[in-house]
Amino acid sequence: MKVLIVNGNDRERQIYSIYLDNLIDGLSIAEAYSCNMAKEVLANFGSEISLIIYTNNTNDCGLYPFIKDHYPNIPFVFLSPDLPEEISELSGFKTHNPKNDSIITPVPPNDFKLAVIKILKPLLVNKSLSAFQRVKLIHFLRFNRVLCDVFLKLSDQKYVKVFKENCKYTKEEIDKLRSKDVDYLYIKNSDFERFQVTFNKMPFLIFDTSKMSEQDIIDAISMTNLMLNHIINSMGFSNDAITLAEKSVEQTIKLIEKNKSLTNLIFEMRNKKDYLYDHSYLTTIVCCEILRQMDWSDDRNVDQLCMASLLHDITLTNSDLALVLDQNDPELKKFSKEDIKNYIEHPTKICTMLEKIDFVPTEVINIIHQHHEAPQGGGFPERIRAMKLPVLSCTFILAHTYVKKIYRSNFDYQKNNEIVFELKKDYDVGNFKPLLDAFIKFHQENRHLKSA
Ligand SMILES: [Fe+2]
Ligand SMILES: [Fe+2]
């Protein structure tokens, strides 16, 4: 059973996905940022979709007339600050399917969940909703103190407290849970909302360095790489790609140590323990996997892509900015004028900084300058099209986009097919094409292995 969320705003789509994730056993979420993309998802997964939740903020035309004609039996929920009566394409939509409905936003999370359950499982309405939200266990590895109670799920009705509010925990305790195949721990809904947890930030977890030696702190920071290696390996990426990336990252960091301001920026980025470093490091591994598939994994290519991955967003002080897709993403408007300027200028600004550093090759500077370009020429700063983008930049852009998508899916392997399908839609062009083909082949073989 799948719910298709169609919403042009990345952040909103992510929040609604989080609300629905884990709501009913076996429910998964498919996402589309445009109506055209929604149509393609329906063409591929239509028989699995049990509900469409549509917000009228996409860049293309409305979705409902298409649904009415082609998928009249799938319930359609209009989620918007606008009234459905004000939208001409929705005229009379509540009479076309008795399950069609509208939800006026903003909507409290529980009301939203209840409205969805009401459609999907009418019998569950009178049962109480789960009072807990799950959090991937792996997140706990790089912190050591919880600011709210944390629970282990024994059954749908039974949760036991494993960590008490404010308690410090050890890596061994987390490893013990991992060895018992525990993938998630749980916190109360109220704490999830109080701390404003998102896939990018876990503010109820902190890293308490009191009573830690300097070496302990350095060791704990390096846990992030171990954790990310483990995650990406469980998604089917090869040990060879991980080892290659790890070695190259280590060498890059040694080089960077020659430059004090770069060292400080890298330390700050790693110390924040959020998306900024995670996605930089994961991009190195995905680049290495693509290079491996293309038989291009000579030292030069690997080192250049790994250095570019580590440094490409280094001046972004706010990790939420690294999640903005491009200069046209409506998300960008939510930031301050200074943040927007920082975002638009960061590819050029970082390159200007790196040009003065002798160990940074020109190829790395080019990759960083082009890391927000897009296949159809809609990126920035130069609006270069796929045919004119060098292959190494294309490798980076493809890997970076994939990482953004798997991170957003909370590393859920079940969603990998949809992610690869979305990439195919946008990147099957120009110099991206052979890279994409190799990447898809890798995923197909990998899926085969996973199901064997
Ligand atoms: Fe960037
Ligand atoms: Fe980035």
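Note that the structure is a prediction, hence the values are computed from the model and not measured. (Residues numbered from 1 in each chain as written. Chains lettered and ligands numbered in written order. Predicted model: local features only at pLDDT ≥ 70, side-chain atom pairs only at ≥ 80, totals over all residues.)

Brief notes about the overall build of the protein chain
- Looking only at helices and strands, one finds 17 helices and 11 strands in the protein chain.
- For 452 residues, the compact-globule estimate of 2.2 N^0.38 gives 22 Å, and the C-alpha radius of gyration of the protein chain, at 23 Å, lies within 12% of that figure.
- Seen through its C-alpha atoms, the protein chain measures out along the principal axes to roughly 70 × 55 × 50 Å.
- Counting over 452 residues, the protein chain shows a buried share of 36%.
- Intrachain contacts of the protein chain at a sequence separation of at least 6 include 70% that bridge at least 24 residues. (Helix = DSSP H or I, 4+ residues; strand = E, 2+ residues; numbered from the N terminus. Rg over C-alpha atoms; globule rule 2.2 N^0.38 Å. Buried ≥ 20, exposed ≤ 12 C-beta atoms within 10 Å, placed from the backbone. Contact = placed C-beta atoms within 7 Å.)

Describing unusual backbone geometry
- The step from Thr105 to Pro106 runs through a cis peptide bond, and the omega angle for that step is 0 degrees.
- Along the polypeptide, Pro106 turns up in the loop between strand S5 (101–104) and helix H5 (109–120).
- Phi is positive for Lys211, which is not a glycine, with a value near 60 degrees.
- Looking at where Lys211 falls in the secondary structure, it is placed in the loop between strand S11 (205–206) and helix H8 (214–234).
- C-beta crowding within 10 Å serves as the criterion here: with 7 such atoms nearby, Lys211 is assigned to the exposed category.
- At Asp295, a residue that is not glycine, the phi angle is positive and equals roughly 60 degrees.
- Its place among the elements puts Asp295 in the loop between helix H11 (275–293) and helix H12 (299–311).
- Residue Asp295 is classed as exposed on the basis of its 8 C-beta neighbours within 10 Å.

Here we look at H12
- In this model, H12 (13 residues) spans 18 Å end to end at C-alpha, consistent with the 18 Å of a helix rising 1.5 Å per residue.
- Judged by how many residues are buried, H12 sits mostly within the fold: 11 of 13 residues are covered.
- Residues of H12 that are buried: Asn301, Val302, Asp303, Gln304, Leu305, Cys306, Met307, Ala308, Ser309, Leu310 and Leu311.
- The elements touched by buried residues of H12 are helix H9 (239–256), H11, helix H13 (337–355), helix H14 (362–369) and helix H15 (391–408). (Expected span 1.5 Å × (residues − 1).)

Thoughts on the sheet that holds S5
- The five strands are arranged S2-S1-S3-S4-S5 in an open sheet whose pairing can be described as parallel. Both outer strands of the open sheet, strand S2 (28–32) and S5, are each paired with one neighbouring strand and no more. The average angle at which neighbouring strand axes cross in this sheet is 20 degrees, direction not considered. (Pairing = 2+ DSSP bridges. Axes fitted to C-alpha atoms, helices over the stretch in contact; angles between N-to-C directions.)

Quick word on helix H1 (residues 10–20)
- Turning to H1, its buried residues are Arg13, Gln14, Tyr16, Ser17, Tyr19 and Leu20.
- Elements that come into contact with the buried residues of H1 comprise strand S1 (2–6), S2, strand S3 (49–54), H5 and H15.

Brief notes about the environment of Asn416
- Among the secondary structure elements, Asn416 is positioned in helix H16 (residues 416–427).
- For Asn416, the contacting residues outside a window of four places in its chain are Met235 and His443.

Things to note about the pairing of strand S4 (residues 76–80)
- Counted residue by residue, S4 has four buried out of five residues, so it is predominantly covered.
- Each parallel crossover has a hand, and the one from S3 via helix H3 (residues 64–70) to S4 is right-handed. (Right-handed = clockwise from strand over helix to strand, strands pointing away.)

A word on the domain arrangement of the protein chain
- Segmentation of the protein chain into domains returns domain 1 (2–124), domain 2 (132–206) and domain 3 (214–451).
- Distance between the C-alpha centres of domain 1 and domain 2: 30 Å. (Domains from an automatic or database assignment.)

So, the nonpolar core
- In terms of nonpolar packing, the biggest core is built from 62 residues, with Ile285, Ile290, Ile368 and Leu398 touching the most fellow members.
- Per-element accounting of this core gives the leading share, 11 residues, to H11.
- Filtering out sequence-adjacent residues up to four positions away, Leu398 remains in contact with Ile290, Tyr427, Phe432, Leu435, Leu436 and Phe439.
- Ranked by size, the runner-up nonpolar core spans 31 residues in total, among them Tyr54, Val77, Phe78 and Phe112. (Core = buried A, V, L, I, M, F, W, Y, C linked by C-beta atoms within 7 Å.)

Let's talk about the packing of H15 against H16
- Interhelical geometry of H15 versus H16 gives an angle of 145 degrees and a closest axis separation of 10 Å. In this structure, H15 crosses over H16, and the sense of that crossing is right-handed. Contacts from Leu398, Thr401, Tyr402, Lys405 and Ile406 in H15 reach Ile419, Glu422, Leu423 and Tyr427 in H16.
- A per-class count over the contact of H15 with H16 returns six nonpolar, one polar and two charged. (Left-handed = near helix turned anticlockwise from the far one by under 90°. Nonpolar A, V, L, I, M, F, W, Y, C, P; charged D, E, K, R; others polar.)

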